Amino acid sequence: MSNKTPIAIIGGSGFSSLPELMRIKTEQVMTEFGAPSAPLLFAELQGQPLVFLARHGDPHIIPPHRVNYRANLRALQQVGVKQVIALAAVGGIAQACPPGRLVVPDQIIDYTYGREQTYFAENLAQVTHIDFTYPYTEGLRQALLQAAGQANIVVTAQGTYAATQGPRLETAAEIRKLEHEGCTIVGMTGMPEAALARELGLGYACLAVVANWAAGKSDRLITLPDIEKTLQGAHQSVNQLLLELFS
Ligand code: HPA
């Protein structure tokens, strides 16, 4: 996939910078919804212009329920981005999503609350409902899967992302409920990010990195050092996949 329109990468936990990015400049962009989480980093990967945004700020201090998702997506749109790849650390619920695995989800269920979740709330000329049957852009999902194949990286090609409120992790019973409802991975930032991208007409796909077994799915408790270690181990695969994506 190569085109000269800038593609955005929103980096999540453990992915607040990407080493191969050739930095061109940073720019603090302002929107009518406030400032995005961090200055936008303009960069190039294999000749492809990219805009990188650290979802939780740089340094990483904004928790998932406090991220200004509306400002983040609007800022990216304002600088000409048409497609967004969202990197996200998640917990694995299904057997096909063990720690360390990359997953490209195709569905999402929103369990968040109290977040600014739409651009269509104020100053409306008419009530607007976006179609959200398929929350991720299929062409972008397929490009990620193809890049994973070319880079020989094992990837789980489908999944249902449970977007939970956080910042606490879930109880074992909550994970059993999410599993019963069809969720295969769980994270805290998937919504409203995906819906806002759709409202703005941006292409959007998620590259999820499984950081841990979700609560109750292993006999261990979930610790931040374990999560960080797993994410660190996945860095190389993520970088290779992105290199392949833009080659
Ligand atoms: N639950 C929710 N969000 C997460 C998890 C989890 O287990 N791991 C990483 N982000």
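Let us look at the structure shown here. Remember, it's a predicted structure, so these values are computed and weren't measured experimentally. (Residues numbered from 1 in each chain as written. Predicted model: local features only at pLDDT ≥ 70, side-chain atom pairs only at ≥ 80, totals over all residues. Heavy atoms only, no water.)

**Concerning the environment of Val51**
Residue position: Val51 is located in strand β4 (residues 48–54). Discounting chain neighbours no more than four positions away, the residues touching Val51 are Pro6, Ile7, Ala8, Ile9, Leu40, Leu41, Phe42, Leu76, Val79 and Val81. (Helix = DSSP H or I, 4+ residues; strand = E, 2+ residues; numbered from the N terminus. Contact = heavy atoms within 4.5 Å.)

**Re the site of the ligand**
The immediate surroundings of the ligand are formed by Ala89, Val90, Gly91, Leu169, Glu170, Val186, Gly187, Met188 and Asn212. The contact in question runs from a nitrogen atom of the ligand to an N or O atom on the backbone of Ala89, over 3.3 Å. Glu170 places a side-chain nitrogen or oxygen 2.8 Å from a nitrogen atom of the ligand. If the ligand stood free it would expose 260 Å²; the protein chains cover 93% of that surface. A per-class count over the shell around the ligand returns five nonpolar, three polar and one charged. (Near = heavy atom within 4 Å. Polar contact = N/O pair within 3.5 Å; in protein donor to acceptor, adjacent residues only side chain to side chain. Areas by Shrake-Rupley, 256 points an atom, 1.4 Å probe, with all protein chains shown as cover. Nonpolar A, V, L, I, M, F, W, Y, C, P; charged D, E, K, R; others polar.)

**Considerations on the packing of helix α2 (residues 138–150) against helix α5 (residues 224–245)**
With their axes 8 Å apart at the nearest point, α2 and α5 run at an angle of 110° to one another. Classified by the angle their axes make, α2 and α5 are roughly perpendicular. Relative to α5, α2 is oriented so that their crossing is right-handed. Contacts between α2 and α5 involve Ala143, Leu144, Ala147, Ala148 and Gln150 from the former and Leu241, Glu244 and Leu245 from the latter. (Axes fitted to C-alpha atoms, helices over the stretch in contact; angles between N-to-C directions. Parallel < 35°, antiparallel > 145°, perpendicular 65-115°, else oblique. Left-handed = near helix turned anticlockwise from the far one by under 90°.)

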